[in-house]
Amino acid sequence: MTTVEAVVSVANIARAMTTRKAPLYMVTWRCTRRCVGNCLYCSYTPPVKPEEAEANTKTGYKIVDEIYDFGSPWFGISGGEPLVRADIFDIIEYAKGLGFEVSLITSGFAFDEKRLNNLVRNEVHTAVSIDGTRESNDRIRGRGSYDKALFAMKKLSENGILDCIVTTMTKYNIKDMDHPAKLAAEYGARMVVYHNLVPVGRAGTNMPDLAPTPQEYETAFNQIYDLQVAYSGKLAVNVYAPFYARIVRQRNPVDFWDWFQNGFLGKCTIGGNYISVTENGDYRSCGFHESYRLGNVKDKKLKTTWDELQHSEFHLKLRDKSNIKGKCGVCEYREICGGCRTRAEYYTGDLFESDPACAYIPKALREA
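Structure report, in brief. A quick note: this is a predicted structure, and the numbers were derived from the prediction, not measured. (Residues numbered from 1 in each chain as written. Predicted model: local features only at pLDDT ≥ 70, side-chain atom pairs only at ≥ 80, totals over all residues. Heavy atoms only, no water.)

1. Some remarks on the pattern of salt bridges
Between side chains of opposite charge, a pair can form when the charged atoms approach closely. As enumerated under the stated definition, the model contains 25 salt bridges in all. For E66, the salt bridge goes to K301, with nearest N and O atoms at 3.3 Å. With E66 in helix α2 (residues 57-70) and K301 in the loop between β10 (293-296) and α12 (302-310), the pair connects residues that are 235 residues apart, well separated along the chain. Assessed through its relative accessible area of 40%, K301 is described here as partly exposed. (Salt bridge = Lys/Arg side-chain N within 4 Å of Asp/Glu carboxyl O. Helix = DSSP H or I, 4+ residues; strand = E, 2+ residues; numbered from the N terminus. Buried < 20%, exposed > 50% of the residue type's maximum accessible area, 1.4 Å probe, protein only.)

This is the structure:
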């Protein structure tokens, strides 16, 4: 029996009678900021303070334990590039031993036969990042990156563990939204996911040159909705952008609420509907914003942190969309959208101001 297997065995005995229930289907650990790529929009920058260093393997196990005790059935792993961590498969094996479904996202930059075999052996649901066609992808992610991602996609597909294709929308690929969906369908992925650009990390530095215009977003989101309809029943199409909800509400009001409650991934989470773990073990309430930390796994339980988050005056204020200002504040779609608070803060300095990436003019302003 290996050391990991022994630790898992003891943990399983100790938790044999645990009732598992959690408000979140998955909790994700950004296990590293390290990466062998250099994407223009990367949300993460290398850590500059000792306290931001990566958690070691022992703390990695503790992070898994906290998510297990919280009750989420899925353990998500992101980066940076997770496959550069030397101990990543030790931690994955530990999580699998506890009964987790494990998902991981890779760029394909650090993908090789040994890592593929480990992903397959552990049945890791693996997502691949690819940003449009070869031309647009390589403009954003570096020459040769498209072919690396495509190679990873093919190998994962052949082994039955390709989960998602993930795309971030920039001005370079905004007209190529159909391409990731075609790849996802061709290689049998479960879902294609589109992220709008959030100006954090390197993306903030490059934002003026990267950001699509509001009208470009409007056109692209309508195109994505067409893809959602075209691939219905074959491939899930989803968008991490709050104002995609308004597009769907306008175009499919009959089926909207079922989709919004059960299928939409793009709701703003900073108001207390989300929690994840950073590479050093900090908890945070937004998958992009680095400033709002909620404690650390080394001295605080995930359950406790979640309970505190639900009663935090600051996060309750963010959850109440009547506190949003400007155009977003008077919009008739405010309750299903409300914009991206992190992007609003980047552009205006105010977390409660309007999200300037949205092209829609609310009815209240049109009729004023």
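2. Side note on the packing of aromatic side chains
According to the stated counting rule, one finds 21 aromatic pairs in the structure shown. Here the aromatic rings of F75 and F100 are separated by 6.1 Å at their centres, their planes lie at 50 degrees, and the arrangement is tilted. Highlighted residues: F75 in strand β2 (residues 74-78) and F100 in the loop between α3 (88-97) and β3 (101-106), separated in sequence by 25 residues. Both residues of the pair, F75 and F100, count as buried. Considering the side-chain rings of F256 and F260, the 5.3 Å spacing of their centres and the 25 degrees angle between planes classify their relative orientation as stacked. Residue F256 and its partner F260 are both found in helix α11 (residues 256-262); the two are separated by four residues, about one turn of the helix. The same class applies to F256 and to F260, which are both buried. Among the aromatic residues, ring-to-ring pairing joins Y217, F221, F243, Y244, F256, W257, W259, F260 and F264 into one connected group. A cation over a ring is seen here: R139 above Y172, with NZ or CZ 4.3 Å from the ring centre. The ring centre of F352 lies 5.0 Å from the NZ or CZ of K317, which sits over that ring. (Phe/Tyr/Trp six-rings, centres within 6.5 Å; stacked < 30°, edge-to-face > 60°. Lys NZ or Arg CZ within 6 Å of the ring centre and 35° of its normal.)

3. Re α12
All of the buried residues in α12 are L302, T305, W306, L309 and Q310. Taken around the axis of α12, the buried residues stretch over an arc of 135 degrees, which confines them to a single face. (Arc of directions from axis to C-beta.)

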